[in-house]
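Observations on the three-dimensional arrangement
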Amino acid sequence: MKIIVCIKQVPEIADVQIDPETGTLIREGVDSILNPFCEYAVEMALRIKRQHPETETVAMSMGPFQAKAALMRCLEMGIDRAVLLADKKFAGADTWATALTLAEAIRTIEGRFDLILVGKQAIDGDTAQVGPEISEILGIPEIIYGVGLELRNNKKKIRVTREIETGNEIVETKLPCLVSVSKGPMIRSISSFQEILDARNKELRLVTADDLTIDAHKLGLKGSFTQVVKIFPPRVKKQGEIFDGSDAQAAAHKLTDLLSSRRFI
Amino acid sequence: MLTVDRDKCTGCNICEKVCPFGAIVVVDGKAQVQDTCTLCGACVTSCPVGALSIERGQIPLDELGAFSGVFVWGECEHRAETLIPKKVVKELLSQGRLLADKLRQDLTVITLGDHRLTGLDSLFAHGADRVIRCQHKLLGRYEPDSFTLVISAIITKYMPAVFLFGATPNGRELAPRIAARLRLGLTADCTGLDIDEDGQLVQTRPAFGGNIMASIVSPFTRPQMATVRPNVFPLAQPNKPKKIRIQDFQISLSKALIRTKKVATHRLEADGEASIEEADVIVSAGRGCANKENLSLIQELASALGGVVAGSRAIVELDWLPHTKQVGQSGLTVAPQLYIAIGISGAIQHLVGISSARTIIAINNDPEAPIFKVADLGIVGDALEILPAFIRELKNRSSAPK
């Protein structure tokens, strides 16, 4: 059993602002973290490994060289080895070019696999597109918003509990497949000192465009079908009235008056 | 075009069986492609030896003009034994109408379903010029495999310039599958759509949790594909439709195409309970509610106002409420007339989920909480003290003579 977890390093987005003068992102002083939904995907992989210890787990990411830190975090959590796809030629990729590069790397660098796990979305772009695009390129089925996994039929099939609009459903498919992972019961674990030390001895392989059998014009910005033409700050709503609520009864009056004046009661 | 690697092909006949258009026949132990091929890709994913491939080159720039029309996915939901278009389809039509008029092109809805498919006439009242309907017993329930292949085939046949999907859970799975199959640019979860002077679709969406907005185009691929956030675009008033024009798209599907199988469903919402996406009044709980027991106060307030309960991501992650009640960037976008936020600080990811709310009231003990920046009325104080007084006051007023 081999599980590949595709992960992304993201900025701590609460801190990302736009410079009103230049209209560009202010990234200075913004910390980078492993995308939380990717942490849940890693945790899901490790849960399978705890049940089936012979499982091999690989974390893969496409990003700048600094994204190594996010892969180190995966290794500290317990992933066996990591692959970083870093090359100037990958820069500026949209979801399509990203999915194509990851899919090609999975094909050529890893070859055989049983399961691909991804986070349901990254908190910076929030597109949720790369997972389904990878599964389409690799020709495997996908199940999105998974919160629980169960291997069946001697690991030939998988049952996934997934979130849907009205609740949960259980879906079954044959392996290999791709599952995108939502939060569910997963928690972000804290690595022990020993795990952090162990991670330093694990393999973290660097892969460049030359290692992939893919034309350079299909990579990065050149290979992207979408182009960002403008970024701008969101419109800000005008602030309404602020009322001191230290007297609960007065606050209750204030609230009911507003509801009444706007005909909600 | 679809090519067969004759060295790999074993003549197993699977592609012949799964092709929805009867476009493959096996002759002398090798697959052969007929003119009826729509490049839907069904055979490629079913071939056990990888002998089939579709080479999809980029469209030369001077051929982009051959693509015409605004298409909308008419996602349906089950209601009382019928399959009817979701509310988001009408929102897409309201906005799609404006785009189609700017382009001077037609607006078409694509609906897939089985014999229960109904309510299509209302789509014309909301602006559609045409409905393309594909009915098959295997299309009664959304499945990514079958829906990807049918819509890919429709796109290849009709060549629209724009294709919009609701950014619902299904739409956000289906659109990237189709985009990857047909090699198309796709923009996720758009909150603004326009046509520029070159006739391109300009897709605007929040990024970095809503801290910035980005406008995006797909200059080289057609159709230009976007998923569109529900509850953002206003519904246009329905008109008396000019003409009902429904065309049927014929297809033959086999079960072998659908690789995922549903085993069970657990509803977390009580029957008849309004979904927070459609509620007019929402009382929403955040971390400031301190403990799960206090949710009964929230429920009581919601009931007094005829509304429903929702919560912030923090509350859902604590498992106080199911994920179906989560408001915000990684949850649902709501558009109530009245949104009351109790103990919610108002992280940007939460605020983008309530930007369509008409009236926002916030109660929070932190005067610096960002929620106050968007609230029509902000009460700085202890929600656990104010709520009981507020509920009492509401009950007094409703029992008092008017």
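Residues numbered from 1 in each chain as written. Chains lettered and ligands numbered in written order. Predicted model: local features only at pLDDT ≥ 70, side-chain atom pairs only at ≥ 80, totals over all residues.

Counting its secondary structure elements, chain B contains 10 helices and 22 strands. In terms of overall dimensions, chain B has a C-alpha envelope of 85 × 50 × 40 Å along the principal axes. For chain B, the share of sequence-separated contacts (at least 6 apart) that also reach a separation of at least 24 residues comes to 64%. (Helix = DSSP H or I, 4+ residues; strand = E, 2+ residues; numbered from the N terminus. Contact = placed C-beta atoms within 7 Å.)

In this section: the packing of helix 4 (residues 130-138) of chain A against helix 6 (residues 171-182) of chain B. For the pair helix 4 of chain A and helix 6 of chain B, interaxial distance at closest approach is 8 Å and the crossing angle is 40 degrees. In terms of their interaxial angle, helix 4 of chain A and helix 6 of chain B are classed as oblique. Two packed elements cross with a definite hand, and for helix 4 of chain A against helix 6 of chain B that hand is right-handed. Taken together, the residues of helix 6 of chain B that come into contact with helix 4 of chain A (itself represented by A:Pro132, A:Glu133, A:Glu136 and A:Ile137) are B:Glu173, B:Pro176, B:Arg177, B:Ala179, B:Ala180 and B:Arg181. For the contact of helix 4 of chain A with helix 6 of chain B, the class distribution of residues is 5 nonpolar, no polar and 5 charged. (Axes fitted to C-alpha atoms, helices over the stretch in contact; angles between N-to-C directions. Parallel < 35°, antiparallel > 145°, perpendicular 65-115°, else oblique. Left-handed = near helix turned anticlockwise from the far one by under 90°. Nonpolar A, V, L, I, M, F, W, Y, C, P; charged D, E, K, R; others polar.)

Let's shift gears to the interface of chain A and chain B. Each side of the interface is counted separately: chain A has 72 residues, and chain B has 75 residues. The dominant element in the side of chain A that touches chain B, judged by the number of residues it contributes, is helix 6 (residues 248-261) of chain A, at 9 residues. Sheet topology note: the strand 14 (residues 227-232) of chain A/strand 14 (residues 212-217) of chain B ladder contains 5 bridges and is antiparallel. Paired with A:Lys230 across the strands is B:Ser215, a residue of strand 14 of chain B. (Pairing = 2+ DSSP bridges.)

Attention now goes to the sheet that holds strand 9 (residues 142-152) of chain A. One open sheet holds the 10 strands; their spatial order is 13(A)-7(A)-6(A)-1(A)-8(A)-12(A)-9(A)-10(A)-11(A)-17(B), and the pairing between them is mixed. In the strand order of this sheet, the two ends are held by strand 13 (204-207) of chain A together with strand 17 (261-267) of chain B, each with one partner. Between one strand axis and the next, the sheet turns by 30 degrees as a mean value, whatever way the strands run. Bridge count between strand 9 of chain A and strand 12 (residues 177-181) of chain A: 3 bridges; the pairing is parallel. Paired with A:Gly146 across the bridge in strand 12 of chain A is A:Val181.

Next up on the list: the domain arrangement of chain B. All names here are of chain B. In terms of domains, chain B is made up of domain 1 (2-54), domain 2 (61-257) and domain 3 (281-399). The straight-line distance from the C-alpha centre of domain 2 to that of domain 3 is 33 Å. In this assembly, 8 residues from domain 2 lie in contact with 9 residues from domain 3. Within the side of domain 2 that touches domain 3, the residues separate by chemical class into 3 nonpolar, 4 polar and 1 charged. (Domains from an automatic or database assignment.)

For the rest of this paragraph, the subject is the environment of B:Gly29. Within the element layout of this structure, B:Gly29 appears in the loop between strand 2 (24-27) and strand 3 (30-33). The spacing of B:Gly29 and B:Cys9 is 20 residues in sequence and 8.1 Å in space, taken between C-alpha atoms.

The subject of this paragraph is the sheet that holds strand 12 (residues 192-195) of chain B. Pairing is antiparallel in the open sheet, where 4 strands are placed in the order 14(A)-14(B)-13(B)-12(B). The open sheet terminates on both sides in strands that have one partner only, identified here as strand 14 of chain A together with strand 12 of chain B. Strand-to-strand twist of the sheet, defined as the mean angle between neighbouring strand axes without regard to direction, takes the value 25 degrees. In this structure, strand 12 of chain B lies alongside strand 13 (residues 201-207) of chain B, joined through 4 bridges in antiparallel fashion. The residue bridging B:Asp194 from the neighbouring strand is B:Val202, located in strand 13 of chain B.

Moving on, we get to the nonpolar core. Core analysis: the biggest nonpolar cluster contains 136 residues, and A:Val5, A:Ala41, A:Val42, A:Cys74 and A:Leu117 have the highest contact counts within it. The element best represented in this core is helix 1 (residues 36-51) of chain A, accounting for 9 residues. Not counting residues up to four positions away in its chain, the partners in contact with A:Val42 are A:Val5, A:Ile7, A:Ala59, A:Cys74, A:Met77 and A:Ile79. Formed by 54 residues, the second largest nonpolar core is a distinct cluster that contains A:Ala252, A:Leu258, B:Val281 and B:Ile344. (Core = buried A, V, L, I, M, F, W, Y, C linked by C-beta atoms within 7 Å. Buried ≥ 20, exposed ≤ 12 C-beta atoms within 10 Å, placed from the backbone.)

On to unusual backbone geometry, then. The peptide bond linking A:Leu175 to A:Pro176 adopts the cis configuration, its omega dihedral lying at 0 degrees. Relative to the helices and strands, A:Pro176 resides in the loop between strand 11 (167-174) and strand 12. For the bond running from B:Arg222 to B:Pro223, omega is 0 degrees, close enough to zero to count as cis. Phi is positive for A:Asn154, which is not a glycine, with a value near 55 degrees. Among the secondary structure elements, A:Asn154 is positioned in the loop between strand 9 and strand 10 (157-164). The exposed category is assigned to A:Asn154, around which 6 C-beta atoms lie within 10 Å. Even without being a glycine, B:Asn13 presents a positive backbone phi close to 80 degrees. Its place among the elements puts B:Asn13 in the loop between strand 1 (2-4) and helix 1 (14-18). Overall, B:Asn13 belongs to the partly exposed group, with 13 C-beta atoms counted inside 10 Å.

In this section: helix 4 of chain A. Taken across its 9 residues, helix 4 of chain A has 8 buried, putting it largely inside the fold. Along its buried surface, helix 4 of chain A packs onto helix 3 (95-110), strand 8 (115-119), strand 9 and strand 12 of chain A together with helix 6 of chain B. Where helix 4 of chain A ends, the next residue or the one after it, A:Gly139, has phi of about 70 degrees, a positive value.

Turning our eyes to something else, we now look at helix 5 (residues 144-158) of chain B. All names here are of chain B. A rise of 1.5 Å per residue sets the reference length of helix 5, with its 15 residues, at 21 Å; its end C-alpha atoms lie 21 Å apart and thus fit the reference within 8%. Burial runs high along helix 5: 12 of the 15 residues are buried. For helix 5, the complete set of buried residues consists of Pro144, Asp145, Ser146, Phe147, Thr148, Leu149, Val150, Ile151, Ser152, Ala153, Ile154 and Ile155. Of the residues one or two after helix 5, methionine 159 is the one with positive phi, at around 50 degrees. (Expected span 1.5 Å × (residues − 1).)

Let us now look at the pairing of strand 3 of chain B. Residue and element names in this part refer to chain B. Here strand 2 runs beside strand 3; their pairing, made up of 4 bridges, is antiparallel. Looking across to strand 3, one finds that isoleucine 24 is bridged to valine 33. The hairpin formed by strand 2 and strand 3 contains 2 residues between the paired strands, and aspartate 28 there has a positive phi angle of roughly 50 degrees.

Here we take up the packing of helix 6 of chain A against helix 10 (residues 383-399) of chain B. The contact between helix 6 of chain A and helix 10 of chain B brings their axes to 8 Å, and the two run at 50 degrees. The pairing of helix 6 of chain A with helix 10 of chain B is recorded here as oblique in orientation. You can see that helix 6 of chain A and helix 10 of chain B cross each other, and the crossing is right-handed. Residues A:Ala248, A:Gln249, A:Ala251, A:Ala252, A:His253, A:Leu255 and A:Thr256 of helix 6 of chain A lie in contact with helix 10 of chain B, whose contacting residues are B:Glu385, B:Ile386, B:Ala389, B:Phe390, B:Glu393, B:Leu394 and B:Arg397. Per-class residue counts for the contact of helix 6 of chain A with helix 10 of chain B are 8 nonpolar, 3 polar and 3 charged.

This brings us to the pairing of strand 8 (residues 107-113) of chain B. All names here are of chain B. Along strand 8, 7 of the 7 residues are buried, which leaves the element largely enclosed by surrounding structure. In strand 8, alternate side chains face the same way, and those of Leu107, Val109, Thr111 and Gly113 on one face and Thr108, Ile110 and Leu112 on the other are all buried. Sheet topology note: the strand 5 (residues 70-73)/strand 8 ladder contains 4 bridges and is parallel. Residue pairing for strand 8: valine 70 is matched across the bridge by leucine 107. Pairing of strand 8 with strand 9 (residues 130-135), which is carried by 6 bridges, proceeds in the parallel orientation. By the bridge assignment, valine 109 is partnered in strand 9 with valine 131.

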